[in-house]
Amino acid sequence: MGRHISKERKQIALQMSLLNIRDPTIRRYTGISERSLRYIRKTYRETGEVVRTPVCTGRPRILDTLDANVSNCLFLVL
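Described below are features of the structure shown in this document. (Residues numbered from 1 in each chain as written. Predicted model: local features only at pLDDT ≥ 70, side-chain atom pairs only at ≥ 80, totals over all residues. Heavy atoms only, no water.)

Quick notes on the nonpolar core
Thinking step 1. By size, the foremost hydrophobic cluster in this structure holds nine residues: I5, A13, L14, M16, I26, I32, L37, I40 and V50.
Thinking step 2. With three residues, the single largest contributor to this core is helix α1 (residues 7-18).
Thinking step 3. In this structure A13 touches I26, T30, I32 and L37, once residues within four positions along its chain are discounted. (Core = buried A, V, L, I, M, F, W, Y, C linked by side-chain atoms within 4.5 Å. Buried < 20%, exposed > 50% of the residue type's maximum accessible area, 1.4 Å probe, protein only. Helix = DSSP H or I, 4+ residues; strand = E, 2+ residues; numbered from the N terminus. Contact = heavy atoms within 4.5 Å.)

This is the structure in structure tokens:
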């Protein structure tokens, strides 16, 4: 597993890419691997950001609101 790449370094690499600087040059100056560079571009195309931020933090809930309402209705029927 590789090391963490800071958001600032990812933004620099993306800006270089948007300026049509070749990938080998970007990799040499930023130290970012070819695979990471592709992933940064993909993330930017999908989200408009260079890093993905979770919608909500913390432990995921076991039941969502719909599950809770259905369980409550079944309880009332029985």
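Topic: unusual backbone geometry
Thinking step 1. Unusually for a residue other than glycine, N20 sits at a positive phi of about 65°.
Thinking step 2. Here N20 shows up in the loop between α1 and α2 (23-30).
Thinking step 3. Under the relative-accessibility criterion, N20 is labelled exposed at 69%.

Some details on the pattern of salt bridges
Thinking step 1. Scanning all chains against the criterion turns up four salt bridges.
Thinking step 2. Note that R41 and D23 form a salt bridge whose closest N and O atoms lie 2.4 Å from each other. Of this pair, R41 sits in helix α3 (residues 34-47) while D23 is found in helix α2, placing the two residues 18 residues apart along the sequence.
Thinking step 3. Ionic pairing is found between R52 and E46, a salt bridge with its closest N-O pair at 2.4 Å. (Salt bridge = Lys/Arg side-chain N within 4 Å of Asp/Glu carboxyl O.)

In short, the description is geometric, and any link to function would need to be established separately.
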